[in-house]
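Survey of secondary and tertiary structure
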Amino acid sequence: MTETVHNWEDHGYLATYIQKNGSFANLRIYPHGLVLVDLQSYNDQTKGREETDRLLDKVEERMKELFHGNIKRVKRLPAILRGGAIDRYWPTADGRLVEYDIDEVVYDEDSPFQNIKILHSKQFGNILILSGDVNLAESDLAYTQAIMGSGKENYAGKEVLILGGGDGGILYEIVKLKPKMVTMVEIDQMVIDGCKKYMRKTCGDVLDNLKGECYQVLIEDCIPVLKRYAKEGRMFDYVINDLTAVPISTSPEEDSTWEFLRLILDLSMKVLKQDGKYFTQGNCINLTDALTLYEEQLSRLYCPVEFSKEIVCVPSYMELNSSFCADRQVIQGAGSYGFKP
């Protein structure tokens, strides 16, 4: 191996070891006692991990000998596999890196609007990922139930408008509750095509046809549809917004997603009956500033609303997630919290 050593009096020690095959190791020792060892190699996945583990075992043993057992803590992190045919790493909304147990790319296509992936997880079943954002897995009924009101709403005989929802999960669950009519507006036909084939545990057979006894699916941009319904005086008992989560950014003037979100809120209120309810997803509960900013947007609507917030555990998100309900019938605004482990 080729060794390169850097020694700084006030900043510690760095040694780099490079093998002829391109594998290398970095040893970094900081003045306060922290020692980092990083290894990088290109090998067969299983073989590479086994060799790395054996090498790290020897490094730990040698370090314990050198320090005479005077080591407070040893922490070994799993190897990150880069450049593989299957991407297992997806960030959470609050910026943490999660490694999923993905073993198959089921579907991967680019539509005119976004990249659409459906990946198979051993734990969560098939997972829908849109432009790098984990949307929904077959395990995530908790998400669908929360954005529908967690079983506290009576949809029987009601008019329901779903914005987005191309995975079909909300539509499938609401149709079971005997509504008068459900209208779902989804802009991306390719999301529907992928999900009706590979997300059957989520959508059942409801996406096989764009019209059913008590539902219709419109392949359109929801903004012109909302404007048209408002002009026609079309009103709904429930509007369920499954388009986008609350933006991570806390700078509404710089993030167009906030402008889009405010437009959807305003248009939705115009087609919501006086005693109607509006449901939408929130985001990871760690994003407190962004969620607070969203609550401020609710207080600025042209019509007074009461809102409530529920926190649910969505399995494939690997984080607690919030959902919002805005109710037009109450003049004063108030917030309430629920929790589901």
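Since we're looking at a predicted model, the values are computed, not measured.

Our next topic: the overall build of the chain. A count of helical and extended segments in the chain gives 8 helices and 18 strands. Looking at the chain as a whole, 43% of its 341 residues qualify as buried. When the accessible surface of the chain is split by element, carbon and sulfur atoms take 50% of a total near 18,800 Å².

Another aspect to go through is unusual backbone geometry. Notably, Ser-150 is not glycine yet its phi reads approximately 55°, a positive angle. Mapped onto the elements, Ser-150 comes out in the loop between helix H2 (141-147) and strand E11 (159-164). Here Lys-178, not a glycine, exhibits a phi torsion of approximately 60°, which is positive. Considering the arrangement of structural elements, one finds Lys-178 in the loop between helix H3 (169-175) and strand E12 (181-185). A residue is classified by how much of its surface remains accessible, and Lys-178, at 65% relative accessible area, is exposed.

With that settled, the discussion passes to the confidence of the model for the chain. Detail in the predicted coordinates should be disregarded across regions flagged by low pLDDT. Residues with a pLDDT of 70 or more make up 89% of the chain, whose mean pLDDT is 85. Residue range residues 329-341 is modelled with pLDDT below 50. Its contacts to residues more than four positions away, or to other chains, number 31 contacts.

Calculation rules
- Residues numbered from 1 in each chain as written.
- Predicted model: local features only at pLDDT ≥ 70, side-chain atom pairs only at ≥ 80, totals over all residues.
- Heavy atoms only, no water.
- Helix = DSSP H or I, 4+ residues; strand = E, 2+ residues; numbered from the N terminus.
- Buried < 20%, exposed > 50% of the residue type's maximum accessible area, 1.4 Å probe, protein only.
- Areas by Shrake-Rupley, 256 points an atom, 1.4 Å probe, with all protein chains shown as cover.
- pLDDT = per-residue confidence, 0-100.
- Contact = heavy atoms within 4.5 Å.

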